[in-house]
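So you can see what is in the structure, the chains are spelled out below.
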Amino acid sequence: MDLTVVALMISQGEYPDLFHLQQQQYNLMAAEYLQEWNQEFPLKKFSDAVYQMRLNDEQALPGDKFYQVVQSLEDEKYKMVVSRQWQNEEGAARREWYFRHDKIIEFFLVQNFLGEKDEAKNRLIDHMGDSRFRGVYFLLVNLLPLDAAKELKEKLIQYAADTKDHTVSDTFVQLLRPRS
């Protein structure tokens, strides 16, 4: 997926930042969203919906509620989502949108784990053992301030010691080493 994103950015005259591809891709899409729809991309609202989808193990994006969003995400220049079309039993056309890759959904999920609000801080603890959020923790290594990342590392290590579940902690520690 990363090679596709890089190729798309180069074709648009952009210089890809290999360590922040999803953020860069989002920034490009959000700028065009503002230009096309005359409003800011609803990152918080959309990210909250994506978080709820993940909690409910839903795959399809709420296209009826976020039609402009999925249209922008599906644009050929970004291809962050793909759509599937079919006819239902009554013969009516149906269409659903899905994230093209886990890295893209994780970009939107991580927005719910950032910030100083108690809700975000609680999510850092609440989802340590939830495999649906594993990739979010790996993004947090570089998105959190260094002190906050070290604090989270300690919590992950304690969680791993108590549960014998090292699936997140070991990789988190390895990814954090270069920042220390």
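For the structure, see preceding data.
Residues numbered from 1 in each chain as written. Predicted model: local features only at pLDDT ≥ 70, side-chain atom pairs only at ≥ 80, totals over all residues. Heavy atoms only, no water.

Asker: Outline the overall build of the protein, supporting the account with residue identities and numerical values.
Answerer: The secondary structure content of the protein amounts to 9 helices and 2 strands. Helices (α) and strands (β) of the protein occur, in sequence order from the N terminus, as α-α-α-α-β-β-α-α-α-α-α. Viewed in the frame of its principal axes, the protein has a C-alpha envelope of about 55 × 45 × 30 Å. Across the 180 residues of the protein, 37% fall into the buried class. For the protein, contacts bridging at least 24 residues in sequence account for 52% of all contacts bridging at least 6. When the accessible area of the protein is evaluated, it comes to approximately 10,600 Å², of which 49% is carbon and sulfur surface. Side chains of the protein give 22 positive and 29 negative charges; the mean places of these two sets differ by 3 Å. (Helix = DSSP H or I, 4+ residues; strand = E, 2+ residues; numbered from the N terminus. Buried < 20%, exposed > 50% of the residue type's maximum accessible area, 1.4 Å probe, protein only. Contact = heavy atoms within 4.5 Å. Areas by Shrake-Rupley, 256 points an atom, 1.4 Å probe, with all protein chains shown as cover. Lys, Arg positive; Asp, Glu negative; His and termini not counted. Charge placed at Lys NZ, Arg CZ, Asp CG, Glu CD.)

Asker: Hey, could you go over the side chain of Ser47 for me, with residue numbers and the actual values?
Answerer: Here Ser47 lies in helix 3 (residues 43-55). Here Ser47 falls in the buried class, since its relative accessible area comes to 1%. Other than its neighbours up to four places away in sequence, Ser47 contacts Phe108, Gln111 and Asn112.

Asker: I'd like a description of the environment of Ala148, backed by residues and values.
Answerer: Take Ala148: it is sitting in helix 8 (residues 146-163). For the pair Ala148 and Glu76, spaced 72 residues apart in the sequence, the C-alpha separation amounts to 37 Å.

Asker: If you had to explain the packing of aromatic side chains to someone new, which residues and values would you point to?
Answerer: Evaluated as defined, the whole model comprises 17 aromatic pairs. With centroids separated by 6.0 Å and ring planes inclined at 80°, the aromatic side chains of Phe41 and Phe46 adopt a geometry described as edge-to-face. A centroid spacing of 6.1 Å and a plane angle of 80° characterise the contact between Tyr67 and Trp97, whose relative ring orientation is edge-to-face. In this pair, Tyr67 is assigned in helix 4 (residues 67-74) and Trp97 in strand 2 (residues 93-99), connecting sequence segments 30 residues apart. Classification of Tyr67 by relative accessible area gives partly exposed; the value is 43%. An aromatic cluster of three or more residues is present, and its members are Tyr26, Tyr33, Trp37, Phe41, Phe46, Phe66, Phe99, Phe107 and Phe108. When the ring centre of Tyr51 is taken as origin, the NZ or CZ atom of Arg123, which lies over that ring, is 3.9 Å away. (Phe/Tyr/Trp six-rings, centres within 6.5 Å; stacked < 30°, edge-to-face > 60°. Lys NZ or Arg CZ within 6 Å of the ring centre and 35° of its normal.)

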